[in-house]
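In case you want the letters, here they are:
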Amino acid sequence: MEFTTKDAKALFDAFSARMAAERDRLCELDGVIGDADHGIAMEQGMKAAANAAHAAQGTLQDVFNAAAKGFLNAVGASSGPLYATALLRAGKAAGPRTSMLIAELPTIIVAIRDGIVQRGKAEPGQKTMLDAWGPAADAAVNGQNADAIAAAARHGAEATREMIATVGRAARLGERSLGHPDPGAVSAAMLVEEICGAMRTD
């Protein structure tokens, strides 16, 4: 089974729809340890990414690169450069071709994780989006199926509830950030779920 440029554009539509549907929940989570705007930023960013992806012509890499620029132009907050870099890495992994095997989609998750690490310099356990993308990428590298990869991301996001934030705006709360999941990790797990949805071919 192939994952084509049309499928890539549909994936960004799915990202956009999911972030729109979850916007208020994400803002509520962010209101506890951040500026209460994470849901808005992700909704706007993924809508812009999807629009840019649809306007792109050419290869899978072209689609991901366009989405990266669209997201960055729409989101000025820290997640803008992080996801822009992540999507550029994903585009490089997808390559200058018009389709790839669906079985190769886990490499996209790994590339997104690597882009976030490259740009954000965060480490696992710091209560960031990496705590969801990291376990998902590890599961992907280990050859786990879509359900296991999605579960790893969800478990990673939930685990941030027991972490003390040491980077980002939540870090100023110190131990008061305990007991609350990181909204960036929660939204990351949702995006992983959408990629895993595209991996399921039955």
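How each quantity is defined
Residues numbered from 1 in each chain as written. Predicted model: local features only at pLDDT ≥ 70, side-chain atom pairs only at ≥ 80, totals over all residues. Heavy atoms only, no water. Helix = DSSP H or I, 4+ residues; strand = E, 2+ residues; numbered from the N terminus. Buried < 20%, exposed > 50% of the residue type's maximum accessible area, 1.4 Å probe, protein only. Contact = heavy atoms within 4.5 Å. Areas by Shrake-Rupley, 256 points an atom, 1.4 Å probe, with all protein chains shown as cover. Salt bridge = Lys/Arg side-chain N within 4 Å of Asp/Glu carboxyl O. Axes fitted to C-alpha atoms, helices over the stretch in contact; angles between N-to-C directions. Left-handed = near helix turned anticlockwise from the far one by under 90°. Nonpolar A, V, L, I, M, F, W, Y, C, P; charged D, E, K, R; others polar. Core = buried A, V, L, I, M, F, W, Y, C linked by side-chain atoms within 4.5 Å.

Asks: Whenever I open this one, the overall build of the protein chain confuses me. Can you help?
Replies: Helix and strand content of the protein chain: 8 helices and 2 strands. Counting helices and strands in the order they occur from the N terminus, the protein chain gives β-α-α-α-α-β-α-α-α-α. Overall size of the protein chain, expressed as C-alpha extent along the three principal axes, is 50 × 35 × 30 Å. Looking at the 202 residues of the protein chain, the share that counts as buried comes to 52%. Restricting to contacts in the protein chain with at least 6 residues of sequence separation, those with at least 24 account for 70%. Accessible surface, the protein chain: about 8,900 Å² in total, of which carbon and sulfur atoms supply 51%.

Asks: Can you walk me through the pattern of salt bridges in this structure?
Replies: When the charged atoms of two side chains lie near each other, side chains of opposite charge can form a pair. Using the criterion set out here, one finds 13 salt bridges in the structure. Here R97 ties to E104 by a salt bridge, and the two come within 3.0 Å at their closest N and O atoms. What makes E104 partly exposed here is its relative accessible area of 24%. The salt bridge partner of D138 is R113, with a shortest N-O separation of 3.5 Å. Placement of D138 in helix α6 (residues 130-141) and of R113 in helix α5 (residues 106-120) is noted, with a sequence separation of 25 residues between them. Residues participating in the shared-partner salt-bridge network are R18, E22, R25, R154, E193 and E194.

Asks: What am I meant to see in the environment of A48 here?
Replies: For A48, the location among the structural elements is in helix α2 (residues 38-55). Remark: the alpha-carbon pair of A48 and G91, spanning 43 residues in sequence, is separated by 17 Å. Apart from the residues lying within four places of it in its own chain, the contact partners of A48 are G70 and A74.

Asks: It is not clear to me how the packing of α2 against helix α8 (residues 183-199) should be interpreted in this structure. Could you clarify?
Replies: When two helices pack together, their arrangement is given by the angle between the helix axes and the distance between those axes. For the pair α2 and α8, interaxial distance at closest approach is 10 Å and the crossing angle is 35 degrees. Seen from above, α2 lies across α8 with right-handed handedness. Contact residues: H38, M42 and M46 in α2; P183, G184, S187 and L191 in α8. Taken together, the residues of the contact of α2 with α8 break down into 4 nonpolar, 3 polar and no charged.

Asks: What's the story with the nonpolar core in this structure? I'm lost.
Replies: Looking at soluble globular proteins, one finds that nonpolar side chains tend to be buried together. Judged by nonpolar contacts, the single largest core of 60 residues is most densely connected at F12, Y83, I109, W133 and I149. Where this core is concerned, the elements lending two or more residues are α1 (5-33), α2, α3 (60-74), α4 (79-94), α5, α6, α7 (146-159) and α8. With 10 residues, α8 is the largest single contributor of residues to this core. Apart from the residues lying within four places of it in its own chain, the contact partners of W133 are Y83, I109, I112, R113, I116, A188, L191, V192 and I195.

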